[in-house]
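Chain by chain, the residues run as shown.
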Amino acid sequence: MILRDAVRVLVANWDGSYTVPSRTLYPHQWSWDSAFIAIGNARWSPRRARSELLTLFGAQWRDGRVPHIVFNPAVPEGAYFPGPEFWQVSAPSGVRTSGIVQPPVHALAAWRVHLAEPDPAFLRRIYPRLVAQQEFLRAARRSPEGLISIVHPWESGMDNSPAWDVPLAVVEPEPSAFVRRDTTHVSVEERPTDRDYARYTSLARAYRDTGYRRSDAFRVEDPLFNTAYGVAEVALGRIARVIGLDPEPHAREAAAVTSAMAEHLYDDGLFHARDVLTGCLVRSNSAAGLTPLMLPGLPRELVNELIGTGLDRFGVKDGIVPSFAPAAPEFDPVRYWRGPAWINLTWLIWRGLRRRRPDLAAPLAEGMVRAVTAAGFREYFDPFTLEGHGCHDFSWSAALILDVAAEDGLDGMAPAGGQIREEARRLGEGGDLGDEVLA
Ligand code: 2M8
């Protein structure tokens, strides 16, 4: 039964106070993975969900940045590349981390965790940290146009998306003085190329060597990242209201980034990234360009045009969303972020459509459930055959299915939230959930 299996994956990947994305490929804590995982865990164990987020924010830097990886000291260096020896940095808490960030979907996660089990004390504890995360982005990454930039493809979460091919082309690949670990777990056709990796490490090393302050080689404003930033302000406004603070500054910031995106990142039916170093829009066919549907203040005509693009270029009515438009020459149905469908990306678009177009959100929910039923909780899926790719037992694929099921119900079991809790009880949920982080 799919819900029980989803909980099993999350239990198996739990490390005492947080969840690894995968026991094989990703044996540490990842930033945006933990947000998605918290959203799913909230449906059956809000305590784990709170712990997941608080553990991640326990590794927040003094400048407010939330590192994209928090390393588990018990995992050997050779288990993942690039590991702590590459990044050479620690959080004030002493835990070793990377120095780059990922899309800030955490305020949304905190809000959804609170909705699942209202807990103002949790909100009061996490709110200042979420605000600091946004302040880091404003201070270190905001352009005069009012948009937030990323300095590495890893910061987009969609690492080898064809959207980065042009801005990455100017990055000098580093001679391969490193050993990749990913391809010992997953076939080479399903991962980025060696050339991509040589550029990733070269960029990350250059950023590291400025003390994680400056990037002169890659600086782009990504629509998904900016959407996450705007959605975070919307969520922070809701959180502020619950804990008796002023929501207005958050509402203003959400409106400001939404209009900056509409002005600078939108063209011809889709949002695109903008290369800050050249000032040019990087027109591509990445499904990241559909995620601004999540922004509540997006002008209606843009919503309608985006939906048209979703239907025409991404087959949104047919199920899970390919990460890149299938008709585009760069599309590849199996290689990582160059075409395969991912549960988190589909979930973001589903969330954006739920209120606006429930008739289109429903096939997306069904598509996500169909994919994991056909192939298991794989990392990504061929959008046409639903064949699974990447690692097995991937945490956010399991977590977000729990969220979808609890919201929409599965085949006549609506609402499935109660059923999920029941499943969790049967799995023997005990008092051993790493609550030390909550102490
Ligand atoms: C993938 O990225 C990591 C680097 O951060 C990798 O390939 O080693 C991406 O899919 C990213 O979005 C995700 O957060 C991470 C862990 O699931 O894996």
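Residues numbered from 1 in each chain as written. Predicted model: local features only at pLDDT ≥ 70, side-chain atom pairs only at ≥ 80, totals over all residues.

- Labelled according to an unreviewed UniProt entry, the protein appears under the name Glycogen debranching enzyme, originating from Nonomuraea roseoviolacea subsp. carminata.
- Regarding the protein, the relevant UniProt record gives this comment under Sequence similarities (unreviewed entry): "Belongs to the glycosyl hydrolase 63 family." (UniProt positions renumbered as here; feature names shortened; annotations may be inferred.)

1. Concerning the overall build of the protein
- Assigned secondary structure in the protein consists of 16 helices and 9 strands.
- Relative to a compact globule of 439 residues, whose C-alpha radius of gyration would be 22 Å, the protein shows 20 Å and is just as compact.
- Over its C-alpha atoms, taken along the principal directions, the protein stretches across nearly 55 × 50 × 50 Å.
- Burial status across the protein gives 53% buried among its 439 residues.
- Considering only residue pairs separated by 6 or more positions, the protein has 71% of its internal contacts joining residues 24 or more positions apart. (Helix = DSSP H or I, 4+ residues; strand = E, 2+ residues; numbered from the N terminus. Rg over C-alpha atoms; globule rule 2.2 N^0.38 Å. Buried ≥ 20, exposed ≤ 12 C-beta atoms within 10 Å, placed from the backbone. Contact = placed C-beta atoms within 7 Å.)

2. A closer look at the site of the ligand
- As a matter of local geometry, the ligand sits amid Pro21, Tyr26, Trp30, Trp32, Asp33, His68, Trp154, Gly157, Asp159 and Asp182.
- In terms of residue class, the shell around the ligand is made up of 5 nonpolar, 2 polar and 3 charged. (Near = placed C-beta within 6 Å. Nonpolar A, V, L, I, M, F, W, Y, C, P; charged D, E, K, R; others polar.)

3. What to know about the sheet that holds strand 3 (residues 220-221)
- Taken in spatial order, the 3 strands line up as 3-6-7 in an open sheet, and their pairing is antiparallel. Edge positions in the sheet fall to strand 3 and strand 7 (280-282), since each of these pairs with one other strand and no more.
- Sheet analysis places strand 3 next to strand 6 (residues 273-275), joined by 2 bridges and oriented antiparallel. Note that in strand 6 the partner of Glu221 across the bridge is Arg274. (Pairing = 2+ DSSP bridges.)

4. As for helix 12 (residues 300-314)
- Over its 15 residues, helix 12 extends 20 Å from the first C-alpha to the last, a length consistent with the 21 Å expected when each residue adds 1.5 Å.
- Where helix 12 is concerned, the buried positions are Leu306, Thr309, Gly310, Arg313 and Phe314. One face of helix 12 carries all of its buried residues, which in axial projection span an arc of 105 degrees. Opposite the packed face of helix 12, turned more than 90 degrees from it, sit the exposed residues Arg300, Glu301 and Asp312.
- Buried residues along helix 12 sit in contact with strand 5 (270-271).
- Of the residues one or two after helix 12, Gly315 is the one with positive phi, at around 55 degrees. (Expected span 1.5 Å × (residues − 1). Arc of directions from axis to C-beta.)

5. Topic: the environment of Leu295
- With respect to the element layout, Leu295 can be found in the loop between strand 7 and helix 12.
- A residue is classified by how many C-beta atoms lie within 10 Å of it, and Leu295, with 23 of them, is buried.
- Spatially, the C-alpha atom of Leu295 lies 6.1 Å from that of Val231, the residues being 64 residues apart in sequence.
- Beyond its immediate chain neighbours, meaning those up to four positions away, Leu295 contacts Thr227, Gly230, Val231 and Thr258.

6. Thoughts on unusual backbone geometry
- Across the junction of Phe81 and Pro82, the peptide omega takes the value -5 degrees, indicating a cis bond.
- Within the secondary structure layout, Pro82 lies in the loop between strand 2 (69-70) and helix 4 (84-87).
- You will see that Asp268, though not glycine, has its phi angle at about 55 degrees, which is positive.
- The class for Asp268 is exposed, based on 9 C-beta atoms found within 10 Å.
- Positive phi, close to 65 degrees, is recorded for Leu386, a residue that is not glycine.
- Positionally, Leu386 belongs in the loop between strand 8 (380-381) and strand 9 (388-389).
- On the basis of neighbour count, Leu386 is assigned to the partly exposed category, with 18 C-beta atoms found within 10 Å.

7. Some words on the confidence of the model for the protein
- Confidence in the prediction of the protein, expressed as mean pLDDT, is 94, and 95% of residues score 70 or more.
- Contacts from residues 431-439, a stretch scored under 50 in pLDDT, to residues over four places away or in other chains number 18 contacts. (pLDDT = per-residue confidence, 0-100.)

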